[in-house]
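Secondary and tertiary structure notes
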Amino acid sequence: MVVIPALVFVLFVVALIDIILRTGDQIRHLPKVAWVFIVILLPLIGSILWFTVGREYYGMRSRPARPQRPAASAPGSSAPAPAPRLSSTEEQLAALEREIADDRIRRLEAELRKRRGEAEGA
């Protein structure tokens, strides 16, 4: 009779400690404070949700989506090619923003050349 509530309490405490000790990049889907509230308000379900969807496991992030073939190295070179660096979401967003800004600059420069051409022709 006492075993099940004791196990739920232990799961609850372990989940709270795990949430508190993790850094922001090791937590998925919600902020740390939201996970703490979920686990406190719904001890059993919140703890299960934390360990299944909220916690970032180290092996999951470093595993590639599909097997990659080794890159061919230069002839006569025995050194393997460096592994491609995986970029974070923030780096991908920054690269996309730079690309959008570059595209805007090119369009504005083309418009400026067009207006200068019209002004010189008039």
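Up top is the structure.
Here's a quick rundown of the structure. (Residues numbered from 1 in each chain as written. Predicted model: local features only at pLDDT ≥ 70, side-chain atom pairs only at ≥ 80, totals over all residues. Heavy atoms only, no water.)

**Side note on the environment of Phe51**
Here Phe51 is to be found in helix H3 (residues 43-54). When its relative accessible area of 24% is taken as the criterion, Phe51 is described as partly exposed. Along the backbone, Phe51 and Leu11 are 40 residues apart, and their C-alpha atoms lie at a distance of 9.9 Å. For Phe51, the residues in contact, after removing those within four places along its chain, are Leu11, Val14, Ala15, Asp18 and Tyr57. (Helix = DSSP H or I, 4+ residues; strand = E, 2+ residues; numbered from the N terminus. Buried < 20%, exposed > 50% of the residue type's maximum accessible area, 1.4 Å probe, protein only. Contact = heavy atoms within 4.5 Å.)

**Re the pattern of salt bridges**
Evaluated as defined, the whole model comprises 5 salt bridges. Residues Asp18 and Arg22 are paired through a salt bridge, measuring 3.2 Å at the closest nitrogen-oxygen approach. Here Asp18 matches Arg22 in class, with each residue buried. Measuring nitrogen to oxygen at the nearest pair gives 2.7 Å for the salt bridge that ties Arg55 to Asp18. With Arg55 in the loop between H3 and helix H4 (58-62) and Asp18 in helix H1 (residues 3-21), this pair connects stretches of sequence that are 37 residues apart. A relative accessible area of 17% places Arg55 in the buried class. Overlapping salt bridges bring together Asp18, Arg22 and Arg55 as one network. (Salt bridge = Lys/Arg side-chain N within 4 Å of Asp/Glu carboxyl O.)

**Details of the environment of Trp50**
With respect to the helices, strands and loops of the structure, Trp50 is situated in helix H3. Placed 15 residues apart in sequence, Trp50 and Trp35 show a C-alpha to C-alpha distance of 7.1 Å. In contact with Trp50, not counting residues within four places along its chain, are Ala15, Asp18, Ile19, Arg22, Ile27, Trp35, Val39 and Arg55.

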